[in-house]
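Each chain is listed here by its residues.
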Amino acid sequence: MAIFLDKNSKVIVQGITGREGAFHTQRMLAYGTKIVGGVTPGKGGTTIESGQPVFDTVRDAVDATGATHSIIFVPPFAGADALWEAHDAGIMLAVCITEGIPAHDMLRVVNTTPGMRIIGGNCPGLISPGKSLVGIMPSHIFKEGNVGMISRSGTLTYEIVDGLTRAGFGQSTCVGIGGDPIIGTTFVDCLRAFANDAETAAIVVAGEIGGSDEEDAAAFIKDHIPDKPVVGFIGGRSAPEGKRLGHAGAIISGNTGTPESKVKAFAAAGVPVADRPSEIPRLLAERMRPVPA
Amino acid sequence: MAIFLDKNSKVIVQGITGREGAFHTQRMLAYGTKIVGGVTPGKGGTTIESGQPVFDTVRDAVDATGATHSIIFVPPFAGADALWEAHDAGIMLAVCITEGIPAHDMLRVVNTTPGMRIIGGNCPGLISPGKSLVGIMPSHIFKEGNVGMISRSGTLTYEIVDGLTRAGFGQSTCVGIGGDPIIGTTFVDCLRAFANDAETAAIVVAGEIGGSDEEDAAAFIKDHIPDKPVVGFIGGRSAPEGKRLGHAGAIISGNTGTPESKVKAFAAAGVPVADRPSEIPRLLAERMRPVPA
Amino acid sequence: MKLMEYQGKDLFRRVGIPTPEGVFATTADNVKSYLAAHPGSWVLKSQVLMGGRGKAGGIKFADDAQQGEMLARELIGKLLQSIQNPAGEHVKSLLVEEKVDIASEAYVSIAIDRAAKKPIVMVSRFGGMDVEEVAAKNPDDIKKYWVDPAAGYSPFMGRLLAFRAQLPDGYRKAFPSVLGALYTLFMDYGATLVEINPLVLTKDGRVIASDAKVELDDSGLYKHPDIAAWNTAAPADEDQAAAVAIGLGMSNYARFPDEPGKPAKTVGTIANGAGLGMGTMDAIGNAGGGAANFLDIGGGAQADLVKKSYKLVTSDERVKAMFINIFGGITRGDQVAKGIVEALAGDDVRKVPLVVRLTGTNAEEGRAILDRAGFVPVETMDEGAARAVALANGSN
Amino acid sequence: MKLMEYQGKDLFRRVGIPTPEGVFATTADNVKSYLAAHPGSWVLKSQVLMGGRGKAGGIKFADDAQQGEMLARELIGKLLQSIQNPAGEHVKSLLVEEKVDIASEAYVSIAIDRAAKKPIVMVSRFGGMDVEEVAAKNPDDIKKYWVDPAAGYSPFMGRLLAFRAQLPDGYRKAFPSVLGALYTLFMDYGATLVEINPLVLTKDGRVIASDAKVELDDSGLYKHPDIAAWNTAAPADEDQAAAVAIGLGMSNYARFPDEPGKPAKTVGTIANGAGLGMGTMDAIGNAGGGAANFLDIGGGAQADLVKKSYKLVTSDERVKAMFINIFGGITRGDQVAKGIVEALAGDDVRKVPLVVRLTGTNAEEGRAILDRAGFVPVETMDEGAARAVALANGSN
């Protein structure tokens, strides 16, 4: 059944009449996502061209449609507000596309929205190929299958997924968790879900330098995922130390977050780390057809 | 087994070397309460005269003694801090004697200490007669028995309990919930516990004018306590409207919190309201030996 | 602590809530010179704490300096009386404000919901009138929202309330930030109530707090010494001031005015604890008498405070007898007894027939002290109340 | 945004953290006149962002105005170099501070713990030295506490940390409030790091922040326009300034210095998304080349930004070839292609051999645009990287 998102998930779009919101609403609808409405304060009572109703508030939208999922396209200063509004209305999973939400806003949000899963912010979203897309990924590169994919980056995910699909590895669910310092859902959260998902047979973890998410992921894999092959990747391994590269996470200083530390952690968990995205399908193939004991 | 407190509950005293803390520690020990230590920052490593160890922090005290209950004697400005420290250390029930803690401090505390029961502030505490006293009540007036008692006031509780004991009605547990605007444990919380307590056969609810706690209690009794007799009392029924009397709760304005509203709510729940404390034993006696149907 | 309108608006401006242009005035000359310098239409608003100020004639309109001066002379010193406040309140100062062109009036407030243990926000599109009347007639005209104090306020709450309460469109842009500022005030200053009624939408599209009602938690006032000083400068209530003067809390003493058709308030009461204090009043009532006051000496009172309390209660000339009712917990009977004996020994107190009931912590020591002074306490509250009422009525 | 020490201490004073007496100076004359007016022993501290300032000779002591002027002349304009910062940093200003008599030095900091999603407080009784060394030698000498941001800071946390870290007794009274103020700064100004190293206990019993290290979250800077202006006034990093100048985020562009023993940094890179940007650098490395830079055009970039990015990267004279690697999501291939064509058509850019890889959203439209300009993109990232490295090495 994939994780976090299946074909019956009812989705609303916060910021549905904005430029990005409107554009991606159509893409998601085209993919088959059950978009049941959207929210733009002041435009309640109208409908967008494709027929979905617009509401003034998330509560109105949830009351009228029974939506459980939301995808958020709002300016950075309104990101925390949008997440709190989603939580207040009983949304169960919110994908926050917005980039540049202040870290302290997110710090308060993630500690005060119990029971709601947040993906992102600053993430490409979530796709369960063949079922539903709640995100901004170019959907045509994905293919239904049994590989779970998690990544801190958007475009690097596309690069890797493209390779997987071309090599014949379809995906159960792909989650872009986002590259901001404080994000709602971590590698470990996703790994826990994949570990329990019958439709996921193998997992790709695409990390980056900086932070300790990859080390935490490796520890979790070692302890809790003995039976599903996992392949890793670390972006930014050639970066000189002390340089901040786009994602606030991607900065190396001291001994934490170095490529060496991450590769070592993955190795200790029995997870091979690809040197380049194009190697991932091969590493996966070797592990998905194990030699019988 | 009474509610909230039994003879095995391990108790620490926050502010054990202060004037009030030291005085009541001895009274509680004399009653048989398992006081296993106390906290006074800077006096860690010492012991009080009766032999209980003093710690610098609540964490130290809990780590060393395994205490689950705490009683707090600190100045008002330190009240919230003491409650947060108790929560941080894993205390399960904290009795806050301190009077005059700012309402907004308590507002934040009660919303950020999940899993810890707070009794008070501005309350006389908790006693399960014959078992343990975590409070400042004059213990000699209490007697072990099967009447549960809840009150917003300290001294009025003594008045009522004294009457109960003289009339032969012992008590399972007596809880002084405190008279401040924001308190940790309400009438309804106590009623829920008494409803499920095999050792409690009847309940006395001593309310006051102001607020809506009595109305809430009446509604709960009506819906959830069909089988145990309950007797009510409302203090301040002769007060003119609009006067603030000591307890911040005890102010009448508009139609909320009037004696009439409270008496009516109790009547609707089948709860007789005594006109004076001395009537309570009689009302209880009538209901505890019901005429066979 | 209740703030006057001009004080509330001072706080409003600190957090960025728009208020009308204007000036605070304590004399008619103030008003005259301000209006002379600022031609236009102005409102003179009496600064009192009581409700029903408008109906009582406390608000006037002036179009020039001369008219303003005349009306100010009329208002300052005037006794305003309303149905809610038959005793009335003297006007000591005015707030002079621009007369705005009103397009719409809304109601907004934040208070502490004791049961939910959360701040409750209430919004109605029917502002400018008695909100309790609105609530009674059509409760659905008032929309409510409970804020989680851990997460705090976020603008969607303002949007949600504005939409649900159907505030006119003109409010929508400003409302979430006005409410946010009001929430900041509520939290930062430890308010128990902040209310804007009306929150005006002007014809030129501004959203302005036309009135301000702010009540602060007395227990939190120590965090705001500047505001606590406002209170000292102008005590709102004589009883509160008297209580504070002898070292009691502001709410530990209250006198009760005589009520037509009820027994005269001739019995003074002192008890320890608010609950027992109320119970003692009630007992006087049950015995057919009238309690002249409520006085709670609090927990752990020393002899000196008991003595001062005795003096305070007997300073009310109506008091013909006194009932002191103590059930010792933190309070120790010996200290109370000592205080009583000292009070009665002093030359500076008015002596009235006294009934004492003393039980609980150190009651025996206390009884021994009273015994040495030749005084025999009663056994129960009911007995003490009956005896005090009889003494007040001239029996012995 | 990293703050200089004097800027960090400005914030310290705003929240009430005690700092040494002193003055900020940009000239030797400033120093001279201040010391002349304030006799005593003073420290001259170079205001730079790099670590290891003391070992690099950036801190001097002066006992009178003449000595102070001389040392200030020496320091201002000096290039400080340390092991951490071999490139070094020029001193443009000094902080002149009272020389305090040190009884003890502690370490305290608050940072964001990404994994716990909470602020983490770290305290050690070994202050005044490299805390990473302390952590490496004896991790237990650093005590940690994770604050629940919903509940916020409460003084017990400071007491707990002071006791656990065994700070000398002299700290105990002041520490909980200093830490509380530091937490206020951390939250109110959206800091990602606040650090006091050392927090000095003086011989006369004062607790003073002797140094200040503050890093603010760039995304939250818009809430503090006054501080954001500090940054504009003195950009800390040329690359950041260049990025902001063309409309990119501060962290979207970074040049990499040449490293001994590694391939020369001759390949410029542009990609969309930080992840792909890093992947592109890595691919250059894997192909045996050296990426001269990282440049992420972000999501949804328009043609104009692509053009400006091209110009920025080629302004680095080391760049001999360029690899533009786009996997369209929000970013649309046609806009990127349009930007490339416009850039190459302009007279104001340095032209270097270019490799483009274009796939994802509107890739076909983009390829058509490139096609019309006579340009054929490569198919894969690996292929593109290999080709760009070859071009940079002079092959074709």
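If you're wondering where the values come from, they're calculated on a predicted model, not measured in any experiment.

## Things to note about the pairing of strand S8 (residues 102-113) of chain D
Residue and element names in this part refer to chain D.
Then, number 1: Of all 12 residues making up S8, 9 are buried, and the element is well covered by its neighbours.
Then, number 2: Across 7 bridges, S8 lies against strand S9 (residues 118-124) in antiparallel orientation. Across the sheet, Asp113 pairs through a bridge with Lys118, a residue of S9.
Then, number 3: From the end of S8 to the start of S9, which pair antiparallel, there are 4 residues, and Lys117 there has a positive phi angle of about 60°.

## Observations concerning the side chain of D:Gln335
Then, number 1: Checked against the element boundaries, D:Gln335 lands in helix H11 (residues 333-345).
Then, number 2: Ignoring sequence-local partners within four residues, the contact set of D:Gln335 consists of D:Ala301, D:Gln302, D:Ala303 and D:Val306.

## Some words on the pattern of salt bridges
Residues and elements named next belong to chain C.
Then, number 1: According to the stated counting rule, one finds 92 salt bridges over all chains in the structure shown.
Then, number 2: A salt bridge links Glu5 to Arg53; its shortest N-O distance comes to 2.7 Å. Note that Glu5 is positioned in helix H1 (residues 5-15) and Arg53 in the loop between strand S3 (42-46) and strand S4 (59-62), a separation of 48 residues in sequence.
Then, number 3: Residue Glu5 is classed as buried on the basis of its relative accessible area of 4%.
Then, number 4: For Glu259, the salt bridge goes to Lys262, with nearest N and O atoms at 3.7 Å.
Then, number 5: Salt bridges here are not isolated pairs; linked through shared partners, they connect Glu5, Lys9, Lys45, Arg53, Glu97 and Asp211.

## Description of empty space enclosed by the protein
Then, number 1: Counted under the stated rule, the structure contains 1 cavity of 30 Å³ or more.
Then, number 2: In this model, the largest cavity occupies a volume close to 40 Å³.
Then, number 3: In terms of lining, the largest cavity is formed by B:Phe233, B:Asp275, B:Arg276, B:Pro277, C:Gly279, C:Asp282, C:Ala283, C:Asn286, C:Met381 and C:Asp382.
Then, number 4: Breaking the lining of the largest cavity down by element, the ones donating at least two residues are helix H9 (274-286) and helix H13 (381-392) of chain C.
Then, number 5: With 4 residues, H9(C) is the largest single contributor of residues to the lining of the largest cavity.
Then, number 6: Split by residue class, the lining of the largest cavity holds 4 nonpolar, 2 polar and 4 charged.

## Quick word on the sheet that holds strand S13 (residues 273-274) of chain B
Residues and elements named next belong to chain B.
Then, number 1: One open sheet accounts for 7 strands, arranged S8-S7-S10-S9-S11-S12-S13; its pairing is mixed. With partners counted over all chains shown, the strands left at the sheet margins are strand S8 (132-135) and S13, one partner each.
Then, number 2: Sheet topology places strand S9 (residues 144-151) next to strand S10 (residues 171-176); 5 bridges connect them, and they run parallel. Counted as the bridge partner of Ile150 is Val175 from S10.

## As for the packing of aromatic side chains
Then, number 1: Summed over the entire model, instances satisfying the criterion amount to 10 aromatic pairs over all chains.
Then, number 2: Considering the side-chain rings of C:Tyr34 and C:Trp42, the 5.2 Å spacing of their centres and the 80° angle between planes classify their relative orientation as edge-to-face.
Then, number 3: The class for C:Trp42 is buried, based on a relative accessible area of 7%.
Then, number 4: If you follow C:Arg332 out to its NZ or CZ, it ends over the ring of B:Phe23, 4.1 Å from the centre.

## Thoughts on the confidence of the model for chain C
Then, number 1: Looking at chain C as a whole, the pLDDT averages 90, with 98% of positions reaching at least 70.
Then, number 2: Both scores are available for the predicted complex, with the pTM at 0.89 and the ipTM at 0.88.

## Observations regarding the domain arrangement of chain C
It is common to give the size of an interface as the accessible area that goes away when the parts come together.
Then, number 1: The assigned domain composition of chain C is domain 1 (21-98), domain 2 (102-223) and domain 3 (237-392).
Then, number 2: The C-alpha-based centres of domain 1 of chain C and domain 3 of chain C are spaced at 42 Å.

## Concerning the side chain of A:Gln52
Then, number 1: With respect to the element layout, A:Gln52 can be found in the loop between strand S2 (34-39) and strand S3 (54-55).
Then, number 2: When its relative accessible area of 12% is taken as the criterion, A:Gln52 is described as buried.

## Looking at the state of the cysteines
Then, number 1: Here the structure, examined in full by the defined rule, presents 0 disulfides over all chains.
Then, number 2: Counting only cysteine sulfurs, A:Cys190 is the nearest neighbor of A:Cys174, a cysteine outside any disulfide, at a range of 11 Å.

## Examining the interface of chain D and chain A
Then, number 1: On the chain A side, the residues contacting the 51 residues of chain D number 62 residues.
Then, number 2: Interface area, chain D with chain A, both sides summed: about 4300 Å², of which 57% is carbon and sulfur.
Then, number 3: When the buried area of chain D at its contact with chain A is split by residue, D:Arg114, D:Lys117 and D:Phe327 rank highest and sum to 18% of it.
Then, number 4: Two residues, A:Glu159 and D:Arg357, come together in a salt bridge whose shortest N-O distance is 2.5 Å.
Then, number 5: Those elements giving two or more residues to the side of chain D that touches chain A turn out to be S8, S9, helix H6 (175-188), strand S14 (253-255), helix H9 (274-286), strand S18 (321-328), strand S19 (354-360) and helix H13 (381-392) of chain D.
Then, number 6: Broken down by element, the side of chain D that touches chain A gets its largest block of residues, 8 residues, from H9(D).

Rules behind the numbers
Residues numbered from 1 in each chain as written. Chains lettered and ligands numbered in written order. Predicted model: local features only at pLDDT ≥ 70, side-chain atom pairs only at ≥ 80, totals over all residues. Heavy atoms only, no water. Buried < 20%, exposed > 50% of the residue type's maximum accessible area, 1.4 Å probe, protein only. Helix = DSSP H or I, 4+ residues; strand = E, 2+ residues; numbered from the N terminus. Pairing = 2+ DSSP bridges. Contact = heavy atoms within 4.5 Å. Salt bridge = Lys/Arg side-chain N within 4 Å of Asp/Glu carboxyl O. 1 Å grid on protein atoms, 1.4 Å probe; cavity = no way out; pocket = protein on both sides within 12 Å on 5 of 7 lines; lining within 4 Å. Points joined across faces, edges and corners; volume = space filled by probe spheres on them. Nonpolar A, V, L, I, M, F, W, Y, C, P; charged D, E, K, R; others polar. Phe/Tyr/Trp six-rings, centres within 6.5 Å; stacked < 30°, edge-to-face > 60°. Lys NZ or Arg CZ within 6 Å of the ring centre and 35° of its normal. pLDDT = per-residue confidence, 0-100. Domains from an automatic or database assignment. Disulfide = S-S within 2.5 Å. Buried area = accessible area lost by both parts, 1.4 Å probe.

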